[in-house]
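What follows is each chain in one-letter form.
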Amino acid sequence: MFKLGLTGGIATGKTTISNYLKSIDIPVLDADEYARKVVEPGTPGLAEITNTFGEQVLRADGSLNRKLLGQIVFNDSSSRQTLNDITHPRIQQMMADELHRLAEQQIPLVILDIPLLLENKNVAGADAVMVVTIPESLQLTRLMQRNNLTEKEAQSRISAQMPLVEKEKLADFVIDNSGTISSTQKQVEKVIQKIRQSF
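Since the model is a prediction, treat every value here as computed from it, not as a measurement.

Peer 1: Would you mind showing me how to read the overall build of the protein here?
Peer 2: Check the secondary structure of the protein and you find nine helices and five strands. When the helices and strands of the protein are listed from N to C terminus, the series reads β-α-β-α-α-α-α-β-β-α-α-α-β-α. Scaling as 2.2 N^0.38, a compact globule of 199 residues should have a C-alpha radius of gyration of about 16 Å, and the protein matches this with 17 Å. A burial count over the protein gives 42% of its 199 residues as buried. A separation of at least 24 residues holds for 71% of the contacts in the protein among residues at least 6 apart in sequence. A total accessible area of about 10,700 Å² is found for the protein, and carbon and sulfur atoms account for 50% of it.

Peer 1: Which parts of the structure should I look at to understand the environment of Gln92?
Peer 2: Among the structural elements, Gln92 can be located in helix α5 (residues 77-104). With a relative accessible area of 41%, Gln92 lands in the partly exposed category.

Peer 1: Explain the pattern of salt bridges here, please?
Peer 2: Side-chain pairs of opposite charge can arise whenever the charged atoms involved come near each other. Following the criterion strictly, the structure yields six salt bridges and no others. Glu119 is the salt-bridge partner of Lys167, the closest N and O atoms lying 3.2 Å from each other. You can see Lys167 sitting in helix α8 (residues 164-170) and its partner Glu119 sitting in the loop between β3 (109-113) and β4 (128-133), a full 48 residues away along the chain. In this structure Lys167 comes out as buried when scored by relative accessible area, which is 0%. Put simply, Lys169 and Glu166 hold a salt bridge, and the shortest N to O gap is 3.2 Å. Residue Lys169 and its partner Glu166 are located together in helix α8, separated by three residues, close to a single helical turn.

Peer 1: Is there a simple way to explain the packing of helix α4 (residues 66-73) against α5 in this structure?
Peer 2: Relative placement of two packed helices is described by the angle separating their axes and the distance separating the axes. Orientation of α4 relative to α5, taken along the N-to-C sense of each, is 125°, at an axis distance of 7 Å. Between α4 and α5, the crossing angle belongs to the class labelled oblique. Every residue of α5 that contacts α4 at Leu69, Ile72 and Val73 is listed here: Ser79, Arg80 and Leu83. Residues belonging to the contact of α4 with α5 are distributed by class as follows: four nonpolar, one polar and one charged.

Peer 1: Even after reading the chapter, I still don't get the nonpolar core, so can you show me in this structure?
Peer 2: The tendency in soluble globular proteins is for nonpolar side chains to be buried side by side. The biggest cluster of nonpolar side chains holds 27 residues, and the ones touching the most others in it are Leu29, Ile49, Phe53, Leu64, Leu69, Met95 and Leu112. Looking at this core, the elements that each hand over two or more residues are α2 (31-37), α3 (44-53), α4, α5, β3 and β4. Examining the composition of this core, we find that six residues originate from one element, α5, more than from any other. Setting aside its immediate chain neighbours within four residues, Met95 contacts Leu29, Asp30, Ala31, Tyr34, Leu112 and Ile114. Counting residues in each nonpolar core, the second largest holds 19 residues, with Leu6, Tyr20, Val132 and Val191 among its members.

Peer 1: Explain the environment of Val110 to me, please; I cannot follow it from the model alone.
Peer 2: Relative to the elements of secondary structure, Val110 occurs in strand β3. C-alpha separation for the pair Val110 and Gly5, spaced 105 residues apart in sequence, amounts to 8.6 Å. Those residues in contact with Val110 that sit more than four places away from it in its chain are Met1, Phe2, Lys3, Leu4, Pro27, Leu29, Leu99 and Leu102.

About the cut-offs
Residue numbering note: each chain is counted from 1, following its sequence as written. Given that the model is predicted, a residue must reach a pLDDT of at least 70 before its local features are reported, and side-chain atom pairs must reach 80 or more before they are shown or counted; all residues, however, enter totals for whole chains, interfaces and linings. In computing side-chain properties, one takes all heavy atoms of the structure into account and sets aside hydrogens as well as water. Runs of H or I in DSSP of at least four residues are treated as helices and runs of E of at least two as strands, each being numbered from the N terminus. In this setup the radius of gyration rests on C-alpha atoms only. A globule is expected at 2.2 Å times the number of residues raised to 0.38. Exposure categories follow from relative accessible area, calculated using a 1.4 Å probe and restricted to protein chains: below 20% of the type maximum is buried, above 50% is exposed, and the middle band is partly exposed. In this analysis, two residues are considered to be in contact whenever any of their non-hydrogen atoms come within 4.5 Å of each other. Every accessible area reported is derived by Shrake-Rupley at a probe size of 1.4 Å, with residue values counting cover from the shown protein chains alone. A pair is scored as a salt bridge if a Lys or Arg side-chain nitrogen falls within 4 Å of a carboxyl oxygen belonging to Asp or Glu. The convention used is that axes are lines fitted to C-alpha atoms, helices contributing only their stretch in contact, and that angles between N-to-C directions extend from 0 to 180 degrees. Between 65 and 115 degrees an angle is taken as roughly perpendicular, under 35 as roughly parallel, over 145 as roughly antiparallel, and anywhere else as oblique. Three residue categories are used. Nonpolar comprises Ala, Val, Leu, Ile, Met, Phe, Trp, Tyr, Cys and Pro, charged comprises Asp, Glu, Lys and Arg, and polar comprises the others, including Gly. Only buried Ala, Val, Leu, Ile, Met, Phe, Trp, Tyr and Cys residues count toward a nonpolar core, and they belong to the same one when joined by side-chain atoms within 4.5 Å.

This is how it looks when you write it as structure tokens:
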């Protein structure tokens with residue numbers, strides 16, 4: 001099984017590429033999806049977050065107030081690390097279980113959609129890494145619009161991540177997502193063809 005890591009900065013359009021890969025029947029293991037699952041009400045993950053950050057991070061219905069928790073961790077690197085220490089091992093376990101299931105089905109190619117793949121030194125064990133990139137000014141604009149953030153809030157979230165230029169240096173494949181959707185899809189198709197030829 002070939003594991004292709006998919007990563008990029010926040011609001012670079014990784015989800016668009018992820019959805020395209022799903023549409024051409026390539027399994028995508030989405031770390032963000034697992035991140036939501038490990039903090040659902042009643043999970044040990046949410047209990048540990050509440051014990052660490054206090055009841056203030058819960059909504060009235062007992063679910064996690066992501067916006068409030070985001071404000072805490074994006075402005076304090078030690079809080080961010082604490083949150084990662086709680087969630088990452090749980091996310092990695094879910095991903096490992098799903099990889100095992102797909103390996104048993106002899107699936108030849110799997111996408112590991114992991115925002116912090118490079119920051120976490122590729123702990124997921126991707127065989128190659130594909131980075132989605134756009135100019136930083138466009139990234140800032142997209143993030144402000146998508147998450148309804150002020151410029152300062154958006155900039156602090158972008159600054160909390162490894163710069164895109166650094167990610168590009170560590171990538172096996174770079175996808176420029178600043179153009180049209182079809183231009184992006186063509187770039188992704190070329191990468192997939194290249195990988196399939198290596199089987």
